[in-house]
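Here are the chains, one letter per residue:
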Amino acid sequence: MMKITLILMQAAIFIGLAPFLSGLIAKIKNNIRMRKGQSVFQPYYNLVKLFSKQEVISEASSWIFRATPFIVIASSLVAAMLIPGQRMGDLLALIFVFALGRFFLALAGLDTGSSFGGMGASREMFISSLAEPALCLAIFSISLQLGTTNISALGGIRAVSVSSILAAITLFFVTIAETSRVPVDNQETHLELTMVHEAMVLEYSGGSLALIEMASYIKQMILFFLIAQIVFPVGLRGMSSLTQTSLWVLWYFARIAVIAVMVAIVEVSVAKMRLFRVADFLGFAFALGIIATVCAMLGV
Amino acid sequence: MVNFNLLFDPLSIFFLFVIFIISLPSAVYSLGYLKGEYSQGKVTLAWFLLSAFVLSMVLVVTVSNIFIFLVAWEIMSLVSYFLVVFDTEHEKSIQAGLIYIVMTHIGTAFLIAAFLVMYQYAHSFDFLAIKNACQTMPSQVKNIVFILLLIGFGTKAGIVPLHIWLPYAHPQAPSHISSIMSGVMIKTAIYGLIRFVISILGVNSSWWGILILVLAVISCLVGVIYALMDHDIKRLLAYHSVENIGIILLGVGLSMFFINKGMPYLAVFSLIAGLYHLVNHAVFKGLLFLCAGSVYKATGTRDIEKLGGLIKKMPQTAIYFLIGAMGISALPPLNGFVSEWLTLQAFFLGAFSAIGGSKLFLGVCAGMLALTGGLAAACFVKAFGITFLALPRSRHAEEAKEVSFSMKAGMFFLAVLTIIFGLAAVPIMGLLAKVAGASTGIDIGNMRFSLNNLIINPQVGKNIYLSTPLLALALVASAAAGFSVYLLFARLKPVSYKTWDCGYYKLEARNEYTATAFSKPFRIAFSFFLMPYRKTQKIRDSFYHVKSFAYETHTISVFKKYIYAPLVALVFKSASFMRRIQPGSIHLYLAYIFAALLFLIIFMQKF
């Protein structure tokens, strides 16, 4: 029972903080571009706003379109529950849980009969299927060091090795692709030639869109968390006093924010690439994953 | 001396189970499927062939004698040939049948060769005697026998590059037969590999496992990439069989690899993963073929570019297809997820225990398995999305009606099994452990694969857990949570309106994304292998006005172009060369007979 409460609590914290991360990235990007930019809490306002709007559902669509937001949010929530790494927290299972949400999102994209949806679905599946081997190898090389694929073991990394740095970079590449960030995709645009994720969810509005947005915030936070956990293994162990505990919690989330800052910097400093170049981008990530595995093999 | 004893050891019983669990719903399904499609006489013939087919497969997996095994194997091949050419009025069926029967006999020839070598050492056809004789067989001979068996069974299983018949033959048979062929028949080859290579011959050197792993990875990728390019719903599924045989062989190959490395625990675990995927593939592929048959029956076409919107016309078939598609795409908590996860874990645990370069090799194989999984998911988004969602693309699809009760019953049964095999992972693994232990000859007495009845724990002491029932529960609870948030906060009632069409006001099926368009990124990314060919042509009224536009694209099969076409050309060339000795003159023929007689007399005298 204690464990379940713990899992639910951590999931709740993830849900609560996930939109903030997106707001933070947007804010940093705007500041680098010398703009004032929106508030970091804008994603929360957006969610509230979306819920108060009336939803429009396409006449051509079926129950798949209506059910998808709930399946997508479920996949993200379950992933957030896997993170605390009690019995169920398995890194390899995480790949499959994310795949569930993506599968239905792509189907919903096709369901409305709009070319945008189909285009988005096709591209999203293309990018994610190429990201999967890189993700798998990154997990593999980390797990080889840990001797387990359990997520909680990530906390047990004592020192940062070459292999885990490389794995983290691989994971970073995959994260950029999976969270639809520049140079793979661009969340800010609604230009039909460039959008991938946004095209897929183009027909969504109102509460359903809010759920889907929420799901992608959570997914993003989970991926950032994994990178942070590898690069900055939790240093402060003691949780005896209140100050120590609060310091620990602060450090826990500060690391994730650091990753967010890095993503923001990458986003403003590179240009979006052509869709077919993404294959090279992710191929490079895969090669990095292989090198990480070799390093793990050599024990460095 | 031929004995007719049947064998009922765990391996045989497991395969019997797989045969019956797919044949039963397929038979029920065929009640509705055959009705109206064929004449009364053909329906009777179909039932006869179905029974003979199932019976021959039962014999293949239960006989204990290589001579009878070959006979049963041949009956199975011949009966399935008649089923492939069942729709004799189609030109395609005849061609598919020809390719099938040639390939399957090439495979059988290799099997006969392997069995003859075995017989040389055992002087008996009996499995047991051969097994004993194999212990004294020199390792060179063992290697040769292994290669012969691999080619022989590989042809039936559809390992790349021997898969060439599969995408022709499977789609051409009536759908309930496709479901049995793809679900069960190609698995008898896996039975053969496990029985003859692992159990009887005994794994001799480590390259056996590595060779199978490499072939398996290639089969996975080639199968799924071709499936992505194909828009014939049944041929697409047939290509996925190539892919899934690859995944099954990953488990089997890993097991052989570990047997040779002296890691009995992992050998059993990998074989469990392979066998689990075998039964899973039988279930969901059987289901998908039945659904594809329903679509064909309702619309009269197998080209998914002409379908669409069927989820509204055939809601139940759509749900069953969706469940099958989720299973094959390895989405939690269904069955494909469990077996692919187990296979990945087998790779991981193997890489962790192995030393040196094996670690990297296993890691890259696991990466390729992940790529296969991603591509398979993409392919089934295409297959389900284009076939069932959005607006119908043709009149056939518009007029489709839900299929009859018996067809739905067959699909329902397999759809339920897809879910059960996902949720009841732990007890199933327990049963499969017995099969794996018995066929590898490893004592599984003190091996444990699970923590309790809910949670899988691949290796005791390793902190790895997976529980599909809990995962399913968490998914349902989270979806419910999302739904209640939605109900609570989204107060305005949704309205139904047209899809946004950029102000075009006439959005129809022609504006929809097609399967060709969907697979375009993949076609370009894998163009080095697929060699896509495209042709665009402007049809003009006058110099200034383009009346219409013709666009054509297809991919070229490298295997057909570089392996099979030259091979067939060679056969024809040598045949026409040989024809010279047959000029039609009876005098010459008499001279041949005389020469042959002389040769024989001299041969008998001298040797």
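Residues numbered from 1 in each chain as written. Chains lettered and ligands numbered in written order. Predicted model: local features only at pLDDT ≥ 70, side-chain atom pairs only at ≥ 80, totals over all residues. Heavy atoms only, no water.

(A) Spotlight on the interface of chain A and chain B. Each side of the interface is counted separately: chain A has 74 residues, and chain B has 85 residues. Across the chain A-chain B interface, the total number found is 17 residue pairs in polar contact (both at pLDDT 80 or more). Elements represented by at least two residues in the side of chain A that touches chain B include exactly helix H2 (42-52), strand S1 (56-58), helix H3 (63-82), helix H4 (91-111), helix H5 (115-146), helix H8 (206-231) and helix H10 (278-298) of chain A. Broken down by element, the side of chain A that touches chain B gets its largest block of residues, 17 residues, from H5(A). Relative to strand S1 (residues 495-497) of chain B, S1(A) runs parallel, the two being bridged by three bridges. Bridged to A:Val56 within S1(B) is B:Val495. (Contact = heavy atoms within 4.5 Å. Polar contact = N/O pair within 3.5 Å; in protein donor to acceptor, adjacent residues only side chain to side chain. Helix = DSSP H or I, 4+ residues; strand = E, 2+ residues; numbered from the N terminus. Pairing = 2+ DSSP bridges.)

(B) The domain arrangement of chain B, seen in detail. Segmentation of chain B into domains returns domain 1 (1-204), domain 2 (216-446), domain 3 (512-554) and domain 4 (561-606). A straight line from the C-alpha centre of domain 2 of chain B to that of domain 4 of chain B covers 48 Å. (Domains from an automatic or database assignment.)

(C) Local environment of helix H3 (residues 66-84) of chain B. All names here are of chain B. Here H3 is 19 residues long and its end C-alpha atoms lie 26 Å apart, about the 27 Å a rise of 1.5 Å per residue gives. Along H3, the residues classified as buried are Ile66, Ile68, Phe69, Leu70, Ala72, Trp73, Met76, Ser77, Val79, Ser80, Leu83 and Val84. Where H3 is buried, its residues contact helix H2 (40-62), helix H4 (91-122), helix H5 (127-134), helix H6 (139-157), helix H7 (166-172) and helix H8 (175-201). Sitting at the amino-terminal end of H3 is asparagine 65, which places a side-chain oxygen 2.8 Å from the backbone nitrogen of phenylalanine 67. (Expected span 1.5 Å × (residues − 1). Buried < 20%, exposed > 50% of the residue type's maximum accessible area, 1.4 Å probe, protein only.)

(D) Up close: the packing of aromatic side chains. Residues and elements named next belong to chain B. Tallying each qualifying case throughout the model produces 50 aromatic pairs over all chains. Residues tryptophan 207 and tryptophan 208 carry aromatic rings whose centres are separated by 6.4 Å and whose planes lie at 70° to one another, so their mutual orientation is edge-to-face. Through successive ring pairs, a cluster of aromatic residues spans Phe69, Trp73, Phe115, Phe127, Phe153 and Phe196. The ring of phenylalanine 86 carries lysine 42 above its face, with NZ or CZ at 4.7 Å from the centroid. Cation over ring: lysine 156 sits above tryptophan 73, and NZ or CZ is 5.6 Å from the ring centre. (Phe/Tyr/Trp six-rings, centres within 6.5 Å; stacked < 30°, edge-to-face > 60°. Lys NZ or Arg CZ within 6 Å of the ring centre and 35° of its normal.)

(E) Structural detail: the pattern of salt bridges. Applying the stated criterion across every chain yields a total of 15 salt bridges over all chains. B:Arg235 is the salt-bridge partner of B:Asp230, the closest N and O atoms lying 3.0 Å from each other. Where salt bridges share partners, they join A:Lys29, A:Arg33, A:Arg181, A:Glu188 and A:Glu267 into one cluster. (Salt bridge = Lys/Arg side-chain N within 4 Å of Asp/Glu carboxyl O.)

(F) Region of the structure containing the packing of H5(B) against H8(B). Residue and element names in this part refer to chain B. With their axes 8 Å apart at the nearest point, H5 and H8 run at an angle of 50° to one another. Classified by the angle between their axes, H5 and H8 sit oblique to one another. Two secondary-structure elements touch here, H5 through Phe127, Ile130, Lys131 and Cys134 and H8 through Tyr191, Arg195, Phe196, Ser199, Ile200 and Leu201. Classifying every residue of the contact of H5 with H8 by side-chain character gives seven nonpolar, one polar and two charged. (Axes fitted to C-alpha atoms, helices over the stretch in contact; angles between N-to-C directions. Parallel < 35°, antiparallel > 145°, perpendicular 65-115°, else oblique. Nonpolar A, V, L, I, M, F, W, Y, C, P; charged D, E, K, R; others polar.)

(G) Highlighting empty space enclosed by the protein. In total, this model carries six cavities of 30 Å³ or more according to the counting rule given. Estimates place the volume of the largest cavity at around 100 Å³. A:Phe96, A:Glu132, B:Glu340, B:Ala370 and B:Gly373 are the residues nearest the centre of the largest cavity, which is lined by 13 residues in total. Contributions of two or more residues to the lining of the largest cavity are made by H4 of chain A together with helix H14 (335-353) and helix H15 (357-388) of chain B. (1 Å grid on protein atoms, 1.4 Å probe; cavity = no way out; pocket = protein on both sides within 12 Å on 5 of 7 lines; lining within 4 Å. Points joined across faces, edges and corners; volume = space filled by probe spheres on them.)

(H) A look at a nonpolar patch on the surface. All names here are of chain B. Where nonpolar side chains cluster on the molecular surface, the patch consists of Leu24, Val28, Leu31, Trp47 and Phe413 and spans about 430 Å² of accessible area. Top contributing element to the nonpolar patch by residue count: helix H1 (residues 10-34), with three residues. Tracing the chain through its elements places tryptophan 47 in helix H2. (Patch = residues over 30% accessible without salt bridge, like charges linked within 9 Å, V, L, I, M, F, W, Y side chains within 5 Å. Areas by Shrake-Rupley, 256 points an atom, 1.4 Å probe, with all protein chains shown as cover.)

(I) Region of interest: unusual backbone geometry. The residue after A:Val182, namely A:Pro183, is reached through a cis peptide bond having omega 10°. Along the chain, A:Pro183 falls in the loop between helix H6 (162-178) and helix H7 (197-200). Going from B:Val160 to B:Pro161, the amide bond is cis rather than trans, its omega being 5°. Tracing the backbone through its elements, the reader meets B:Pro161 in the loop between H6 and H7. Its identity is not glycine, yet B:Ala390 carries a phi of approximately 60°, on the positive side. Inspection of the secondary structure puts B:Ala390 in the loop between H15 and helix H16 (395-398). Look at B:Ala390 and you get buried, because its relative accessible area is 3%.

(J) The packing of H4(B) against H5(B), seen in detail. All names here are of chain B. Here H4 crosses H5 at 80°, and the two axes come no closer than 9 Å. Viewed along their axes, H4 and H5 adopt a mutual orientation that is roughly perpendicular. Where H4 approaches H5, its residues Met118, Tyr121 and Ala122 are matched on the opposing element by Ala129, Ile130 and Ala133. Taken together, the residues of the contact of H4 with H5 break down into six nonpolar, no polar and no charged.

(K) Here's a closer look at the environment of B:Gly336. Residues and elements named next belong to chain B. Of note, glycine 336 is situated in helix H14. Residues glycine 336 and asparagine 280, 56 residues apart in the sequence, show an inter-C-alpha distance of 6.2 Å. For glycine 336, the contacting residues outside a window of four places in its chain are Asn280, Phe284, Gly327 and Ala330.

(L) Molecular detail of the nonpolar core. Within the largest apolar cluster, 326 residues are counted, with the highest numbers of intra-cluster contacts made by A:Phe103 and B:Leu149. Tallying contributions element by element places helix H11 (residues 264-299) of chain B first for this core, with 22 residues. When neighbours within four sequence positions are excluded, B:Leu149 is seen to be in contact with B:Leu111, B:Ala114, B:Phe115, B:Met118, B:Gly154, B:Leu193, B:Phe196, B:Val197 and B:Leu201. (Core = buried A, V, L, I, M, F, W, Y, C linked by side-chain atoms within 4.5 Å.)

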